[in-house]
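Structural features, examined
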Amino acid sequence: MTEWITTREAAQRLGVKRTTLYTYVSRRLLTRRRAGGESLFDRAEIDALASTRHHPGSPLGVLPMRSVRSSVSEVREGELFLRGVPLADLADEPWDEVVELVLGPAPEITVDVPEHLTLLPLNRRLPALAQWAGSHGDRVEPAAAAGVAKGLLGAVPVALGGRAEPGRPVPDTVFAAVAGRPGSPREVATLNTTLVALLDHGLAASVVAARVAASARASAHDCLVAGYAALSGQLHGGIGPSAITVLRDGPPADPRRPVTGFGHWRHPDGDPRADAVLARLALVDGSASPLAHLGEIASRTGRLPSIDGALAAFVVTCELPDTAAEVFFQVGRTVGLAAHVVEESEEDPLRWRATDPAG
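As a starting point, this report considers the structure included with it. Quantities reported herein were computed from a predicted structural model and do not represent experimental measurements.

Definitions and limits used
Here, residues in each chain are numbered from 1, in the same order as that chain's written sequence. Only residues with pLDDT of at least 70 are given local features in this predicted model, and only at 80 or more are side-chain atom pairs given and counted; all residues enter the totals for whole chains, interfaces and linings. Only hydrogens and water are set aside when side-chain values are computed; all heavy atoms of the structure are taken into account. Counting from the N terminus, the helices are the DSSP runs of H or I reaching at least four residues and the strands are the DSSP runs of E reaching at least two. We compute the radius of gyration from the C-alpha atoms alone; for a globule the expected value is 2.2 Å times N to the 0.38, where N is the number of residues. Here's how the labels work: a residue is buried when its accessible area is under 20% of the maximum for its type, exposed when over 50%, partly exposed in between, all with a 1.4 Å probe on protein chains only. In what follows, a contact means two residues having at least one pair of non-hydrogen atoms within 4.5 Å. Accessible surface area values rest on a Shrake-Rupley calculation with a 1.4 Å probe, where residue burial reflects the displayed protein chains alone. Just so you know, the count uses Lys and Arg for positive and Asp and Glu for negative, and it drops His and the chain ends. Note on charges: their place is set at NZ of Lys, CZ of Arg, CG of Asp or CD of Glu. Only rings of Phe, Tyr and Trp enter the pairing, Trp through its six-membered ring, and a pair is recorded when the two centres are within 6.5 Å. The plane angle decides the type: under 30 degrees is stacked, over 60 is edge-to-face, the rest tilted. In this analysis the charged atom, NZ for Lys or CZ for Arg, is taken to sit over a ring once it is within 6 Å of the ring centre and within 35 degrees of the ring normal. Points on a 1 Å grid over protein atoms alone make up a cavity when a 1.4 Å probe fits among them but cannot get out, and a pocket when they form an open set with protein on both sides within 12 Å along at least five of seven lines; lining residues each have an atom within 4 Å of a point. Grid points are joined across faces, edges and corners, and a volume is the space filled by probe spheres set on the points. Amino acid classes used here: Ala, Val, Leu, Ile, Met, Phe, Trp, Tyr, Cys and Pro are nonpolar; Asp, Glu, Lys and Arg are charged; the rest, including Gly, are polar. Each reported salt bridge corresponds to a side-chain nitrogen of Lys or Arg within 4 Å of a carboxyl oxygen of Asp or Glu. Like-charged residues within 9 Å of one another, or nonpolar side chains (Val, Leu, Ile, Met, Phe, Trp, Tyr) within 5 Å, are grouped into patches, provided each residue has over 30% relative accessible area and no salt bridge.

Within the protein chain, the regular secondary structure consists of 16 helices and 6 strands. The C-alpha atoms of the protein chain give a radius of gyration of 21 Å, which matches the 21 Å a tight globule of 359 residues would have. Viewed in the frame of its principal axes, the protein chain has a C-alpha envelope of about 60 × 50 × 40 Å. Taking all 359 residues of the protein chain together, the buried fraction comes to 50%. Counted over contacts in the protein chain with a minimum sequence separation of 6, partners at least 24 positions apart contribute 73%. For the protein chain, the computed accessible surface area is about 16900 Å², with 51% contributed by carbon and sulfur atoms. One way to put it: in the protein chain the 36 positive side-chain charges average out to a point 7 Å from where the 42 negative ones average out.

Further remarks concern the packing of aromatic side chains. For the coordinates displayed, the defined rule picks out 2 aromatic pairs. Taken together, the ring pairs connect Phe175, Phe314 and Phe328 into an aromatic cluster. The ring of phenylalanine 81 has arginine 76 lying over it, and the distance from NZ or CZ to the ring centre is 4.0 Å.

Take the layout of surface pockets next. Where empty space is left can be seen by rolling a probe of water-molecule size over the atoms. As a volume, the second largest pocket reaches approximately 600 Å³. Along the wall of the second largest pocket there are 28 residues; nearest its centre are Glu108, Lys150, Leu153, Gly154 and Val170. For the lining of the second largest pocket, the elements supplying multiple residues, two or more each, are helix H5 (95–103), helix H7 (145–159), helix H8 (170–179) and helix H9 (185–197). Among the residues forming the lining of the second largest pocket, the class breakdown is 16 nonpolar, 5 polar and 7 charged.

Where the residue is not glycine, phi is negative for most of them; where a peptide bond is considered, it is trans in most cases. Even without being a glycine, glutamate 77 presents a positive backbone phi close to 50°. Along the chain, glutamate 77 falls in the loop between strand E4 (73–76) and strand E5 (79–82). Exposure remark for glutamate 77: the relative accessible area of 34% places this residue in the partly exposed category. Here leucine 350, not a glycine, exhibits a phi torsion of approximately 55°, which is positive. Secondary-structure assignment places leucine 350 in the segment after helix H16 (324–345). According to the relative accessible area criterion, leucine 350 is exposed, its value standing at 62%.

Let's shift gears to the pattern of salt bridges. For the coordinates displayed, the defined rule picks out 20 salt bridges. Put simply, glutamate 100 and lysine 150 hold a salt bridge, and the shortest N to O gap is 2.8 Å. Here the residue glutamate 100 occupies a position in helix H5, and lysine 150 occupies one in helix H7, the gap between them amounting to 50 residues. Linking arginine 351 and glutamate 347 is a salt bridge whose minimum nitrogen-to-oxygen distance equals 3.9 Å.

Together, Asp89, Glu93, Asp96 and Glu97 give the surface a local cluster of negative charge. Positionally, glutamate 93 belongs in the loop between helix H4 (87–90) and H5.

Our focus in this paragraph is the environment of glutamine 234. Here glutamine 234 lies in the loop between helix H11 (220–231) and helix H12 (240–249). Along the chain, glutamine 234 and glutamate 326 lie 92 residues apart, while their C-alpha atoms are 10.0 Å from each other.

Structural data, given as structure tokens:
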């Protein structure tokens, strides 16, 4: 029996705008019917198209996971929503208030930072801190991941080599720790927006990894470590140095090759996260040249900057270490990972299991 879904859900499942759906209908890639004055689409056709369609810049053979429901975030008609609120409405809100929106009033589980952590590279310290904390104390169930995340965020400035300053906003202390200097108000405001923009982006690889661990009922700390491991991938949160190289040296000569930091398959009309960050960055002293170079590359390639390109411009403008992009990604995404872990803890265990192929 055919299951018909609304235009909104069909567009959400494919990550496209409604007008794009009608284009697929005209090309006879999808079937549409009218009922009650609304267009409806065959869910099986939508899911089949989602599993085979290759978006520019997306990996080939993306596995369909459309049955996984989440209230943490969603991409709808190219826009990003966090707990149902558009990113555009949250981008300039204080980081701690957005954290409360996503995680709720969970009590913080405090974390002590071991001295040896500062011997590690900047981008390895938060994952190591999560692993260390999970190994030195009572086991914390995945349902309490929100409190673990708040504790890690409170400790991360010290882990990055800064100082513990209760009451001082996390973007302020994180910037000072990474940069080795206090940030200007506009630099800190840009980081605030950046962390909010990086908080969550649907079922990204890091979220899936964390949810798989939560499905197996790993501890909250171990779930976050699983997420950080996936986030470190060079095609995910660890992509920063490659995007910075493109910004500094220009795109590859071959126009057929993807350009790191430009274009995102979920946002063919522009990455709203990049838009939010770049709008803030434009107010920072020294941003004119990196932003102009970003615009030149976009014009040459026909691809708009993604969040990775925006992060690259931020790092270059503020003369931060190249690893700062991944550090910011880790700090922001800690909140999203924890929210997904809590959500997954309420589902049946071990539901993330592949079906063996027939034969």
